[in-house]
Amino acid sequence: MQNDLVRARDYLEKTHNCVVVEGILSPVADSFRKPDLLTAEHRLKMVELAVRNSTWLRADGWECSQSEWTRTLHVLNHFKKQLERKYGDGPSGIRLMFLCGGDVVEEIVRDFGLVVIARTNSDPMKTVYLIDVLRKHQKNIHVIEDETCPNDISSTRLRTAVRRRESIRYCTDDEVISYIEKNNLYSFSKTTVKCLRPPQPPKRNSSVAMQKIHHLTPSSPLDSSCKVMIIIF
């Protein structure tokens, strides 16, 4: 997930001349009741370990501390108010954007900008075209296809790899892996077999740009003076 946030920051700063001031990772509450969901205590700790050396990424425990599952829009509004108090609002203030994979595009684009990392077997641009509410606000949607270092690693795949006794080294932070081992999470075993996804070299086609950036409308640039905070769940 850190890689997705870095890619999104690079895109916003290079393409729209914005300053990304923060990136927040917010684990969901225990009441979400997803199969195999670890307790919020463990999930928050792993996120904190993963971003411990970052100067702009941080873990936030507000959402996972709630007694009930909190809708995404409510969480975004919580952070919006928090950041407006910190940075101020208005044209020269902060803008909140939600980062997600191509399979999680939702109607929240009406009030928040959306930076979408394209995933294998997903077509976010087609989704935008087919859903009226997304088409209506498509100027707020920016889709990134990363051809230099395509990233299909997901938390689901990592959990599956651990259960299968496969190594997840280089797929997440070493201290996170040590934490999983120490607390015997996801039925962790010290026996490792193979790497989940070995590093792949960049494509050699020099004519291919580092990233494909899809602007859904030609009139969707961000204000070049804006500050942006991106958030991921």
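The following refers to the structure shown. (Residues numbered from 1 in each chain as written. Predicted model: local features only at pLDDT ≥ 70, side-chain atom pairs only at ≥ 80, totals over all residues. Heavy atoms only, no water.)

1. Remarks on the overall build of the chain
To keep it simple, the criterion reads: Helix and strand definitions follow DSSP, with helices as H or I runs of at least four residues and strands as E runs of at least two, each counted in order from the N terminus. Three labels apply to residues, based on accessible area from a 1.4 Å probe with only protein chains included: buried if under 20% of the type maximum, exposed if over 50%, partly exposed otherwise in between. It only takes one pair of heavy atoms within 4.5 Å for two residues to be counted as in contact. Residue burial considers only the protein chains on display, and all accessible areas are found by Shrake-Rupley using a 1.4 Å probe.
Helix and strand content of the chain: 7 helices and 7 strands. Secondary structure of the chain in N-to-C order comes out as α-β-α-β-α-β-β-α-α-β-α-α-β-β. The buried share of the chain, reckoned over its 233 residues, is 42%. Here the contacts in the chain between residues at least 6 apart in sequence split such that 71% fall between residues at least 24 apart. Counting every atom, the chain has about 13300 Å² of accessible surface; 48% of that belongs to carbon and sulfur.

2. Observations concerning the pattern of salt bridges
Put simply, the rule reads: Any carboxyl oxygen of Asp or Glu that lies within 4 Å of a side-chain nitrogen of Lys or Arg is treated as forming a salt bridge with it.
The final tally for this structure, using the stated rule, is 7 salt bridges. Glu-22 is the partner of Arg-58 in a salt bridge, and the nearest nitrogen-oxygen pair spans 2.9 Å. Pair noted here: Arg-58 is in strand S2 (residues 57-59) and Glu-22 is in strand S1 (residues 19-25), with a separation of 36 residues, a long-range link. Judged by its relative accessible area of 27%, Arg-58 is partly exposed.

3. Notes on the packing of aromatic side chains
Put simply, the rule reads: Each Phe, Tyr or Trp ring, with Trp reduced to its six-membered ring, pairs with another whose centre is within 6.5 Å; inter-plane angles below 30 degrees give stacked pairs, above 60 give edge-to-face pairs, and intermediate values give tilted ones.
A complete count under the given rule lists 1 aromatic pair for this structure. Measuring from ring centre to ring centre gives 6.1 Å for Phe-32 and Trp-69, while their planes differ by 40°; the resulting arrangement is tilted. Within this pair, whereas Phe-32 is found in the loop between S1 and helix H2 (40-50), its partner Trp-69 is found in the loop between S2 and helix H3 (72-87), the two being separated by 37 residues in sequence. By relative accessible area, which is 38% here, Phe-32 ends up partly exposed.

4. Overview of the packing of H2 against helix H7 (residues 174-182)
The test is simple: Lines fitted to C-alpha atoms define the axes, with helix axes restricted to the stretch in contact, and inter-axis angles between N-to-C directions lie between 0 and 180 degrees. An angle below 35 degrees is read as roughly parallel, one above 145 as roughly antiparallel, one from 65 to 115 as roughly perpendicular, and any other as oblique. Crossing chirality is assigned from the near helix's rotation relative to the far helix, an anticlockwise turn below a right angle marking it left-handed and a clockwise turn marking it right-handed. Lys, Arg, Asp and Glu make up the charged group, whereas Ala, Val, Leu, Ile, Met, Phe, Trp, Tyr, Cys and Pro make up the nonpolar group; the residues left over, Gly among them, are polar.
Viewed as axis vectors pointing N to C, H2 and H7 meet at an angle of 155°, and their least axial separation amounts to 8 Å. Classified by the angle their axes make, H2 and H7 are roughly antiparallel. Both H2 and H7 take part in a crossing whose hand is right-handed. Note on element contacts: H7 touches H2 through Glu-175, Val-176, Tyr-179 and Ile-180, opposite Glu-41, His-42, Lys-45, Met-46, Leu-49 and Ala-50. For the contact of H2 with H7, a count of residues per class yields 6 nonpolar, 1 polar and 3 charged.

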